[in-house]
4 protein chains.
Amino acid sequence: MDSVFRRVRIRSNLLRESLAECLGVYIIIVFGCGAVAQVTTSESTKGHYISINLGFALGTTFGIYVSRGVSGAHLNPAVSLSLCVLGRHPWMKLPFYIFAQVLGAFLAAATTALQYYDAIMHFSNGQLTVTGPTATAGIFATYPAEYLSLWGGFIDQVIGTGVLMVCILALGDHRNTPIPPGLAPVLVGLVVLTIGLSMGSNCGYALNPARDLGPRMYSYLAGWGDQGRGGWWWVPLVAPCVGALVGAMVYGLLIEAHHPEAGPDADTPDLCQTLDNKLALEMEGVEVDMNAPKYCPTEGQECKTT
Amino acid sequence: MDSVFRRVRIRSNLLRESLAECLGVYIIIVFGCGAVAQVTTSESTKGHYISINLGFALGTTFGIYVSRGVSGAHLNPAVSLSLCVLGRHPWMKLPFYIFAQVLGAFLAAATTALQYYDAIMHFSNGQLTVTGPTATAGIFATYPAEYLSLWGGFIDQVIGTGVLMVCILALGDHRNTPIPPGLAPVLVGLVVLTIGLSMGSNCGYALNPARDLGPRMYSYLAGWGDQGRGGWWWVPLVAPCVGALVGAMVYGLLIEAHHPEAGPDADTPDLCQTLDNKLALEMEGVEVDMNAPKYCPTEGQECKTT
Amino acid sequence: MDSVFRRVRIRSNLLRESLAECLGVYIIIVFGCGAVAQVTTSESTKGHYISINLGFALGTTFGIYVSRGVSGAHLNPAVSLSLCVLGRHPWMKLPFYIFAQVLGAFLAAATTALQYYDAIMHFSNGQLTVTGPTATAGIFATYPAEYLSLWGGFIDQVIGTGVLMVCILALGDHRNTPIPPGLAPVLVGLVVLTIGLSMGSNCGYALNPARDLGPRMYSYLAGWGDQGRGGWWWVPLVAPCVGALVGAMVYGLLIEAHHPEAGPDADTPDLCQTLDNKLALEMEGVEVDMNAPKYCPTEGQECKTT
Amino acid sequence: MDSVFRRVRIRSNLLRESLAECLGVYIIIVFGCGAVAQVTTSESTKGHYISINLGFALGTTFGIYVSRGVSGAHLNPAVSLSLCVLGRHPWMKLPFYIFAQVLGAFLAAATTALQYYDAIMHFSNGQLTVTGPTATAGIFATYPAEYLSLWGGFIDQVIGTGVLMVCILALGDHRNTPIPPGLAPVLVGLVVLTIGLSMGSNCGYALNPARDLGPRMYSYLAGWGDQGRGGWWWVPLVAPCVGALVGAMVYGLLIEAHHPEAGPDADTPDLCQTLDNKLALEMEGVEVDMNAPKYCPTEGQECKTT
């Protein structure tokens, strides 16, 4: 096996990272959309709305575990874009990350469709529809509730993604409450769970353009088409990006900006360059060399985050 | 970003702490009341009572992660007041903390109302009522069950907050069972979950005057008014304060008072002044200087809580 | 506060431990029976059977956190008895531990009855009954399903407590899979959750004589009396004791006996005498002095369990 | 007790490991099938589908805790087989492991049948059937939904086990995201939970030939026979083996093969030989001597996984 591995080894960091982002998003969607498919086609006999919340939440947790050590686990174009806007991720990498994320979501939607092919055909009598009692398009992309206005949906997604970003930034802020090393993916998954429990009923808490676009493209191509609510599709693409920036602003201006300076080396980040805080470091504009020795930049100093 | 941050940096500790308390309570309420809104307006198709329990529990967890490193994460006037009564938090800070907590809850209630505006209007046919089949006031403040007497509600809140306090104190007691560093917010969230599962049906387990007063003020001003059960509002303000003190007494007299003295330095707390036990230390009357070096007060001595 | 504490300080270890056992069991029951009361009196609108499972599971977790550092958190006469039979806990202490455990359960049942007084009266129309559609005795003690034979119930409790004991012993076995320090109470709570999910429907998974006897005595005295199924009461007292011994045998003979000897000091336990493995040590017959220095018995040797 | 243990001590590693595999699978099935029995015979009044998901998930967690330190906790013939194919587990041990795993599942099914004997007889009126409204065979083995084609079921099991393997390998990959020491069993349990929530409705997510074969043999012998769907039984035996290999390929080719080489000692694994990464090490072809000193192979070097 090792010899096979050595032969196929990719040395391009960008390609490695793109593969990891692709697999990470794949895991989120194959678990999340799988849970929707299970609840929908079993007519709630094998799960309820909370199963869907748990599916996306734990999917996020394991999507992060699968990719974090390689790509930092953005897994969301809104996150990648925010990092670029803030000057903390190279713009050059952005299209590759986004393409990989959307591709992962597309492939996962296809996997779910394959796995639930018999179930969808049986439940829908072979009619692939977006609305009506046997609609199955909701297995893939998100659709707004009937009562929801377009701006209501936009605001919903801005608030949801904003709160998500505040919590993620707090979990990664080494000068706020420390978190147990290695548990960040579980805690981020719990944030996604909470948003699903409290902000999911209006329009399905996409929070992530790739989570929505990939499966929507799949279901469009695979026969569900685009009946009804045609004007909705751009909301889960644009609103999460706005929300992520708003959330970063709120956390920055209410908490992060006011941390006391840490003495003489206040301007030099004194975090250890461990995998665990790669994302946190990038958020502060620090280049992280994943091949560098992992323990402690300053000699004789203990790692503050361990 | 860093240059922006440096320009807006607040150097007043009291103001920093107030901002953190405000954001922390905001997170609790935006998740908790959001979950109630989702269950109510979706008529239980997108969640059940346990979703509400999880919303408040995980809201508490992330409210603590967002604020603990700055303000100690009281997030509850009953906790702040108890600390002042016991001489462990300056009385001078109390009004600022309470104002920030209530403000955070008020703003979160407004956010929930904005996010669920279309849903509430659709569910209630535009009638903002406190009682009846399409009542939506319960999204914000707590209301007692119809069968509940005023004193029954008072006792319920005293017991609930008392048990909460016993568990919080045990989790923070370094001479009792140690807890994993960094997981205290999750364990406190689990306490809130358990109280919601076992003491939530009588009157909605406020346990926290700010959690109740902020949203009640919002819903009063925003058009729900104060129809019916007018005499209830003071119970979730007063009873939690009584309960917190009772709980502190019970834990102190049954467990804490009887810990064996730890030898020569029994009167000097030998805990490390880490963020993680700031609250525990304050409960023992130790001033915690958040700017001091975090590792180990006594030279050559290892941190007992790590 | 500290001066009050110093005045009431109890120096008898036995009394301290009894108080801790009493409070620990109180927490289990006030959360567990509270959850039953909530589900029963709200007619499943504020919780389902899984809420009850979670109530007892998390009650166990926090009951352990509240008492482990003082008494080792037996919290169950079947556990205390097993330890005595195995010669690992002094017989002299047994009646005190059991009395404290049953007293804690009794007081918790009384607390639940007080907290749910209005709700019980409303739900049952003031008729305190053991059977029938508005029966409320099940809030307190356990009762078998109608189809269950006495021996079926006995076997159910032996299996349930046996599996509980196997899992607890595995979690405490430092030569098997290590567990994260400080998380044992959460993992034991998860074992209780799993038993409730998979072995709860026959007769309510007492697993613990104190959990059953205390509330049964309370409900008998408080007016529910002892109508029907009179011959049941001894099963949840005797069967868990048998099951605990069977479980200890199974784990010992299948796993523990076959651990390779650890070299020259195979007979001397080389565990650190931390609070965290007090119970594990006692299970191996080691006296644990809770006042001794906590870090590392053998000089220069690192703690193997950390 | 210790003297009894010394007398029965088994020195054969293979026998010790087989006993541990047997007990580990027993725990998975006694909790998992127990949960199915509870939901089935209580007609969903004491649990829902999510209880079954939790039963198998937490069963897996505790099955791993019970056996990992002895046998590495394969607990699944598909896992054992994959390791042998990859040259990382001796073929000689394979039949013993598989026999022990199937035996554990068989004994657990018998235990569940004993514990739920009264309940099954009452629910089914004494008719042990595989199909129909009072079918109880589904308590033991897995059966496909009526709409599912044989190949649909095969693909479902390949996808499910493949995703399981990707997540397990990511959790054990020390060059990807590190996980907290001692929590691997909980995280693997969460993977099983997620698969149950999102891939359970088609044919009951066996994922594990032993989980299916043992209980199927029991129910065949105990009177349920083999009515209907006779051609199904080989799918949950073969498809998980295919899926496990596919998953290992996918993770290897997308992530593992591309990790940067770690400098001079790139070919020598520098992991500490702790219990916690025994399985991870075996996956990389390293022989792990469980009796060797546990801390750090290379002198003066810190353990990278701690």
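Residues numbered from 1 in each chain as written. Chains lettered and ligands numbered in written order. Predicted model: local features only at pLDDT ≥ 70, side-chain atom pairs only at ≥ 80, totals over all residues. Heavy atoms only, no water.

Novice: Sorry if this is basic, but what is going on with the overall build of chain A here?
Specialist: Counting its regular elements, chain A contains 11 helices and zero strands. For chain A, the succession of helices and strands along the chain, N to C, is α-α-α-α-α-α-α-α-α-α-α. Considering chain A as a whole, with its 306 residues, one finds that 62% of them fall into the buried category. Once local pairs closer than 6 in sequence are excluded, the contacts in chain A between residues at least 24 apart make up 76%. (Helix = DSSP H or I, 4+ residues; strand = E, 2+ residues; numbered from the N terminus. Buried < 20%, exposed > 50% of the residue type's maximum accessible area, 1.4 Å probe, protein only. Contact = heavy atoms within 4.5 Å.)

Novice: Before we go on, may I ask you to explain unusual backbone geometry in this structure?
Specialist: One can expect most non-glycine residues to show negative phi and most peptide bonds to be in trans. All names here are of chain B. For Glu-43, which is not glycine, the phi torsion reads 50° and is therefore positive. Tracing the backbone through its elements, the reader meets Glu-43 in the loop between α2 (13–41) and α3 (49–71). Of note in the backbone geometry, Asn-125 takes a positive phi value of approximately 55° without being a glycine. When you line up the elements, Asn-125 lands in the loop between α6 (117–124) and α7 (150–172).

Novice: Would you explain the relation of the copies chain D and chain C in this entry?
Specialist: Here two copies of a chain appear, and what relates them is a rotation about an axis with a shift along it. Overlay of chain D on chain C (RMSD 0.0 Å): rotation 90°, translation along the axis 0.0 Å. Classification of the inter-copy transformation places it as that of a four-fold axis. No C-alpha of chain D approaches the rotation axis more nearly than that of D:Pro180, which lies at 5.5 Å. Comparing interface residues between copies, only 6% of those in chain D also lie at the interface in chain C; the contact surfaces differ. (Least-squares fit on C-alpha atoms with pLDDT ≥ 70 in both.)

Novice: Where do I start with the interface of chain D and chain A in this structure?
Specialist: Interfaces are often sized by the accessible area lost when the parts come together. Each partner contributes to the interface: chain D provides 55 residues, whereas chain A provides 54 residues. Across the interface of chain D and chain A, roughly 4400 Å² is buried in total on both sides, 68% from carbon and sulfur atoms. Per-residue buried area on chain D facing chain A is highest for D:Tyr147, D:Leu197 and D:His258; these three make up 14% of the total on that side. For the interface between chain D and chain A, the tally reads 17 residue pairs in polar contact (both at pLDDT 80 or more). Sorting the residues of the side of chain D that touches chain A by element identifies α3 (49–71), α7 (150–172), α8 (184–199) and α10 (235–254) of chain D as the ones contributing at least two each. (Buried area = accessible area lost by both parts, 1.4 Å probe. Polar contact = N/O pair within 3.5 Å; in protein donor to acceptor, adjacent residues only side chain to side chain.)

Novice: Is there a simple way to think about the side chain of C:Thr194 in this case?
Specialist: Among the structural elements, C:Thr194 can be located in helix α8 (residues 184–199). Assessed through its relative accessible area of 0%, C:Thr194 is described here as buried. Discounting chain neighbours no more than four positions away, the residues touching C:Thr194 are D:Phe31, D:Gly55, D:Leu58, D:Gly59 and D:Phe62.

Novice: How should the interface of chain D and chain C be read in this particular structure?
Specialist: Across the contact, 54 residues belong to chain D and 55 residues belong to chain C. Taken together, the links from chain D to chain C amount to 17 residue pairs in polar contact (both at pLDDT 80 or more). Counting only elements with at least two residues in the side of chain D that touches chain C, the list comes to α1 (2–8), α2 (13–41), α3, α5 (94–115), α6 (117–124) and α8 of chain D. Classifying every residue of the side of chain D that touches chain C by side-chain character gives 28 nonpolar, 17 polar and nine charged. (Nonpolar A, V, L, I, M, F, W, Y, C, P; charged D, E, K, R; others polar.)

Novice: When you look at helix α4 (residues 77–85) of chain D in this model, what are you seeing that I'm missing?
Specialist: One full turn of an α-helix is made of 3.6 residues, so residues set three or four places apart face in the same direction. Residue and element names in this part refer to chain D. Burial of α4 is extensive: seven of the nine residues sit out of reach of the surface. Between a side-chain oxygen at the N-terminus of α4 and the backbone nitrogen of Ala-78 the separation is 2.9 Å; the capping residue is Asn-76. Where α4 terminates, the next one or two residues include Gly-87, which has phi positive at roughly 75°.

Novice: Even after reading the chapter, I still don't get the pattern of salt bridges, so can you show me in this structure?
Specialist: Pairs may arise between side chains of opposite charge once their charged atoms sit close together. Residue and element names in this part refer to chain B. Within the structure shown, the criterion is met by eight salt bridges over all chains. Taking the shortest distance from any N to any O, the salt bridge between Lys-93 and Glu-17 comes out at 3.0 Å. Of this pair, Lys-93 sits in the loop between α4 (77–85) and α5 (94–115) while Glu-17 sits in helix α2, placing them 76 residues apart in sequence. Lys-93 gets classed as buried once you look at its relative accessible area, which sits at 18%. Residue Glu-17 is classed as buried on the basis of its relative accessible area of 7%. (Salt bridge = Lys/Arg side-chain N within 4 Å of Asp/Glu carboxyl O.)

Novice: Would you take a moment to explain the side chain of A:Thr112 for this structure?
Specialist: The topology assignment puts A:Thr112 in helix α5 (residues 94–115). Ignoring anything within four residues of it in the chain, the contact list for A:Thr112 reads A:Ile29, A:Val30, A:Cys33, A:Gly34, A:Ala37 and A:Ile139.

Novice: So what exactly am I meant to see when it comes to the packing of aromatic side chains here?
Specialist: Ring pairs (aromatic) are described by centroid distance and by the angle formed between their planes. Residue and element names in this part refer to chain A. Per the stated rule, a full pass over the model turns up 28 aromatic pairs over all chains. Where Phe-62 meets Tyr-65, the ring centres are 6.3 Å apart and the plane angle is 35°; that geometry is what we call tilted. With Phe-62 and Tyr-65 both in helix α3 (residues 49–71) and three residues apart, this pair spans about one turn of that helix. Here Phe-62 and Tyr-65 have matching classes, each one buried. (Phe/Tyr/Trp six-rings, centres within 6.5 Å; stacked < 30°, edge-to-face > 60°.)

Novice: Can you help me understand the relation of the copies chain D and chain A in this one?
Specialist: For the pair chain D and chain A, the best superposition has an RMSD of 0.0 Å and corresponds to a rotation of 90° with a translation of 0.0 Å parallel to the axis. Of all interface residues in chain D, a mere 5% are interface residues in chain A too; the two copies therefore contact each other through different surfaces.

Novice: So what exactly am I meant to see when it comes to the environment of A:Val186 here?
Specialist: For A:Val186, the location among the structural elements is in helix α8 (residues 184–198). Taking C-alpha positions, A:Val186 is 20 Å from A:Gly34, a pair spaced 152 residues apart along the chain. The residues contacting A:Val186, other than those within four sequence positions of it, are A:Thr61, A:Tyr65 and D:Leu187.

Novice: Mind showing me how you'd approach the environment of A:Ala35 here?
Specialist: Within the secondary structure layout, A:Ala35 lies in helix α2 (residues 13–41). The buried category is assigned to A:Ala35, whose relative accessible area is 0%. Distance from A:Ala35 to A:Pro185, taken between C-alpha atoms, is 20 Å for residues 150 residues apart in sequence. Leave out the neighbours within four places in its chain, and A:Ala35 touches A:Ser51, A:Ile52, A:Gly55, D:Leu197 and D:Ser198.

Novice: Help me out: how do you make sense of the confidence of the model for chain A in this one?
Specialist: If pLDDT is low for a region, its predicted coordinates should not be looked at in detail. Residue and element names in this part refer to chain A. Of the residues in chain A, 83% have a pLDDT of 70 or more, and the chain-wide mean is 86. Scored below 50 in pLDDT, residues 263–281 shows 48 contacts in the model against residues more than four places distant or in partner chains. Taken as a whole, residues 283–306 scores under 50 in pLDDT and shows 43 contacts with residues more than four places along the chain or in a different chain. In the model output, the complex is listed with pTM 0.89 alongside ipTM 0.87. (pLDDT = per-residue confidence, 0-100.)

Novice: When you look at the UniProt feature "transmembrane region" (unreviewed entry) in chain A in this model, what are you seeing that I'm missing?
Specialist: When the UniProt feature table is mapped onto this chain numbering, "transmembrane region" (unreviewed entry) sits at residues 20–41, 47–66, 96–117, 150–171, 183–207 and 231–254 of chain A. Strand forms 0% of residues 20–41 of chain A and helix 100%; the C-alpha atoms that close the span are 31 Å apart. (UniProt positions renumbered as here; feature names shortened; annotations may be inferred.)

Novice: I'm lost on a nonpolar patch on the surface in this one. Help?
Specialist: A surface patch of nonpolar side chains, about 280 Å² in accessible area, is lined by A:Val4, A:Val8, D:Met249 and D:Leu253. Looking at the nonpolar patch, the elements that each hand over two or more residues are α1 (2–8) of chain A together with α10 of chain D. Along the chain, D:Leu253 falls in helix α10. (Patch = residues over 30% accessible without salt bridge, like charges linked within 9 Å, V, L, I, M, F, W, Y side chains within 5 Å. Areas by Shrake-Rupley, 256 points an atom, 1.4 Å probe, with all protein chains shown as cover.)

Novice: Help me understand the state of the cysteines in this model?
Specialist: Linking two cysteines covalently via their sulfur atoms produces the bond known as a disulfide. Within this structure, the stated rule accounts for zero disulfides over all chains. There is no disulfide at A:Cys84, and the cysteine sulfur nearest it, in A:Cys241, is 11 Å away. As a non-bridged cysteine, B:Cys22 has B:Cys33 as the owner of its nearest cysteine sulfur, 15 Å distant. Take B:Cys22: its relative accessible area is 14%, and that puts it in the buried class. (Disulfide = S-S within 2.5 Å.)

Novice: Would you take a moment to explain the packing of α7(B) against helix α10 (residues 235–254) of chain B for this structure?
Specialist: For any two helices packed against each other, one specifies the inter-axial angle together with the distance between the axes. Residues and elements named next belong to chain B. Two elements in contact, α7 and α10, have axes whose closest approach is 6 Å; the angle formed by their N-to-C orientations is 45°. If you check the angle between α7 and α10, you find them oblique. The hand of the α7/α10 crossing is right-handed. Across from Leu-150, Gly-153, Phe-154, Gln-157, Val-158, Thr-161, Gly-162, Met-165, Val-166, Leu-169 and Ala-170 in α7, the residues of α10 making contact are Val-235, Val-238, Ala-239, Pro-240, Val-242, Gly-243, Ala-244, Gly-247, Ala-248, Val-250 and Tyr-251. Classifying every residue of the contact of α7 with α10 by side-chain character gives 16 nonpolar, six polar and no charged. (Axes fitted to C-alpha atoms, helices over the stretch in contact; angles between N-to-C directions. Parallel < 35°, antiparallel > 145°, perpendicular 65-115°, else oblique. Left-handed = near helix turned anticlockwise from the far one by under 90°.)

Novice: Help me out: how do you make sense of the environment of D:Ile28 in this one?
Specialist: Residue and element names in this part refer to chain D. For Ile-28, the position within the fold is in helix α2. For Ile-28, a relative accessible area of 8% gives the class buried. Considering only alpha carbons, one finds Ile-28 and Gly-63, 35 residues apart in sequence, at a separation of 5.5 Å. In contact with Ile-28, not counting residues within four places along its chain, are Phe-56, Gly-59, Thr-60, Gly-63 and Leu-75.

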